[in-house]
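Structural description and commentary
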Amino acid sequence: VQLQASGGGLVQAGGSLRLSCAASGRTFSSYHMGWFRQAPGKEREYVAGISWSGGSISYADSVKGRFTISRDNAKNTWYLQMNSLKPEDTATYYCAVNDRYIPRTLVSADYWGKGTQVTVSS
């Protein structure tokens, strides 16, 4: 499966962005998906994840209440709606999938997309 993340950009603190991750190749609906991010000089970290059915969703504590993950099976696309952005949300955001469970760690992801840069100015 090929993944392509998009939607990043420069936004002021308090603003919003919506990231997209489009999938091609194997059946989209069979994958569980996770968003990760990596800030300069820091390790890549889990942000949010959604099961193949959409029935299970989880978030990192740092983004709870501000970010919303979703999926559109008809468009083979996952989304990450990011509201009330903070400068500490600045990072490159990556999407990843696993066909057995929501990938919440780097080693649990089977496939990765190229990242999209999010920069939040203060």
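Overview of the structure. (Residues numbered from 1 in each chain as written. Predicted model: local features only at pLDDT ≥ 70, side-chain atom pairs only at ≥ 80, totals over all residues. Heavy atoms only, no water.)

For the rest of this paragraph, the subject is the state of the cysteines. Counting across every chain of the model gives 1 disulfide. Paired through a disulfide, Cys-21 and Cys-95 show a sulfur-sulfur distance of 2.1 Å. Its torsion about the S-S bond being 70 degrees, the disulfide of Cys-21 and Cys-95 is classed as right-handed. Placement of the pair is Cys-21 in strand β3 (residues 17–24) and Cys-95 in strand β9 (residues 91–98), with a sequence separation of 74 residues. (Disulfide = S-S within 2.5 Å. Helix = DSSP H or I, 4+ residues; strand = E, 2+ residues; numbered from the N terminus.)

Take the pairing of strand β8 (residues 77–82) next. A large share of β8 lies buried, amounting to 5 of its 6 residues. Here strand β7 (residues 67–72) runs beside β8; their pairing, made up of 6 bridges, is antiparallel. Following the sheet pairing, Thr-68 is matched in β8 by Gln-81. Following β7, the chain reverses through 4 residues before pairing antiparallel with β8; Asn-76 in that reversal takes a positive phi of roughly 50 degrees. (Buried < 20%, exposed > 50% of the residue type's maximum accessible area, 1.4 Å probe, protein only. Pairing = 2+ DSSP bridges.)

On to the pattern of salt bridges. Enumeration over the complete set of coordinates arrives at 6 salt bridges. A salt bridge links Arg-37 to Glu-45; its shortest N-O distance comes to 2.7 Å. In this structure, Asp-89 engages Arg-66 in a salt bridge whose closest nitrogen and oxygen atoms are separated by 2.7 Å. You can see Asp-89 sitting in the loop between β8 and β9 and its partner Arg-66 sitting in the loop between β6 (57–59) and β7, a full 23 residues away along the chain. Judged by relative accessible area, Asp-89 falls into the buried class, the value being 1%. Connected through shared salt-bridge partners, Arg-37, Glu-45, Arg-66 and Asp-89 make up one network. (Salt bridge = Lys/Arg side-chain N within 4 Å of Asp/Glu carboxyl O.)

The tendency in soluble globular proteins is for nonpolar side chains to be buried as a group. Counting residues in hydrophobic clusters, the biggest one holds 29 residues, and the most contacted among them are Met-33, Trp-35, Trp-78, Leu-80, Met-82 and Tyr-93. Only β1 (2–6), β3, β4 (32–38), β5 (45–50), β7, β8, β9 and β11 (116–121) provide two or more residues apiece to this core. One finds Phe-36, Tyr-46, Ala-96 and Ala-109 within the second-largest nonpolar core, a separate group that totals 5 residues. (Core = buried A, V, L, I, M, F, W, Y, C linked by side-chain atoms within 4.5 Å.)

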